[in-house]
Amino acid sequence: MGFSVSGSAAIVFVGLFVAFGMFYTATANGFENVHEAQDERTDRTLVAQNTAVELTIAEWNSTAGELTVRANNTGAAELTVGDVDLLADNTYLSGYVTEVGGDDDTDLWLPQERLTITVASLDSDPGRVKLVTGPGVAETARTEVVS
């Protein structure tokens, strides 16, 4: 009887040790994932707070059928041109030509630089445009008609 009680107690303790090890691993991984998510949220919030844009021109050229939008990066954050979205009269636009500071090959929009977007796929004056940056900061302007 002495060995069977000692043997079963040893098995129970080994089982508890293994169970605690699995519980600790799962809990530590869970806390680490939550901590990383909080850090990422803090970083995204900081970038959004450091992002500011100013729409300087939103022109509809009725003769050429082109919409030209110019915006300045007035914030402290670097922006990616590929993450910038343009809406014209609540319609998402794509396939437009972009240019940052005279360079149409770059995808980097640094602070104090001007982004120019030219859209040639519209049929009429959209009336208003909205520029949305990657961090979610947006600016809206009414279009001016030029001939």
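Every chain's residues receive numbers from 1 upward, in the order its sequence appears when written. Note on the predicted model: pLDDT of at least 70 is required for a residue's local features to be given, and 80 or more for side-chain atom pairs to be given and counted; whole-chain, interface and lining totals, by contrast, use all residues. Water and hydrogen atoms were dropped before computing side-chain values, which therefore reflect all heavy atoms in the structure.

*Asks:* Any chance you could explain the overall build of the protein here in plain terms?
*Replies:* Scanning the protein from terminus to terminus reveals 1 helix and 11 strands. Going along the chain from the N terminus, every DSSP run of H or I of four or more residues is numbered as a helix, and every run of E of two or more is numbered as a strand. Helices and strands appear in the protein in the N-to-C order α-β-β-β-β-β-β-β-β-β-β-β. Here the protein has a C-alpha radius of gyration of 28 Å; the compact-globule value for 147 residues is 15 Å, and the former is much larger. If you line up the protein on its principal axes, its C-alpha atoms span 105 × 30 × 25 Å. Buried residues are those whose accessible area, probed at 1.4 Å on protein chains only, stays under 20% of the maximum for their type, while exposed residues exceed 50% and partly exposed ones sit between those limits. Within the protein, buried positions represent 24% of all 147 residues. When checking whether two residues touch, look at their non-hydrogen atoms; a contact exists if any pair is within 4.5 Å. By sequence separation, contacts in the protein at least 24 residues apart represent 63% of the contacts at least 6 residues apart. Element-wise, carbon and sulfur atoms account for 54% of the exposed surface of the protein, whose accessible area totals about 9,500 Å². Averaging the locations of the 7 positively and 22 negatively charged side chains of the protein gives two centres separated by 10 Å. Our radius of gyration is a C-alpha quantity, and the globule rule it is checked against amounts to 2.2 Å times the number of residues to the power 0.38. Exposure was quantified through the Shrake-Rupley algorithm and a 1.4 Å probe, taking into account, for residues, occlusion by the shown protein chains and nothing else. Only four residue types enter the tally: Lys and Arg on the positive side, Asp and Glu on the negative side, with His and both chain ends excluded. In plain terms, the charge of a residue is placed at NZ if it is Lys, CZ if Arg, CG if Asp and CD if Glu.

*Asks:* What's the story with the sheet that holds strand β1 (residues 53–61) in this structure? I'm lost.
*Replies:* Two pairing modes exist for strands in a sheet, parallel and antiparallel, and in both the strands are linked by backbone hydrogen bonds. For two strands to be treated as a pair, DSSP must find no fewer than two bridges joining them. What the 5 strands build is an open sheet, ordered β6-β8-β2-β1-β11; its pairing is mixed. Since the sheet does not close on itself, it has two edges, and those belong to β6 (97–100) and β11 (144–146), each with one partner. Strand-to-strand twist across the sheet, computed as the mean angle between neighbouring axes with direction ignored, equals 20°. Across 6 bridges, the pairing between strand β2 (residues 66–73) and strand β8 (residues 114–119) is antiparallel. The residue of β8 that forms the bridge with arginine 70 is threonine 116. To define axes, lines are fitted to C-alpha atoms, for helices over the stretch in contact only, and angles between the resulting N-to-C directions are given on a 0 to 180 degree scale.

*Asks:* Looking at this structure, I do not really get the sheet that holds strand β10 (residues 138–142). What am I missing?
*Replies:* Taken together, 4 strands build an open sheet; the order of strands is β5-β4-β9-β10 and the sheet is antiparallel. In this open sheet, the two edge strands, each paired with only one partner strand, are β5 (91–93) and β10. Here the strands of the sheet are splayed against their neighbours by 25° on average, with no regard to which way each runs. The pairing of strand β9 (residues 128–132) with β10 spans 5 bridges and is classified as antiparallel.

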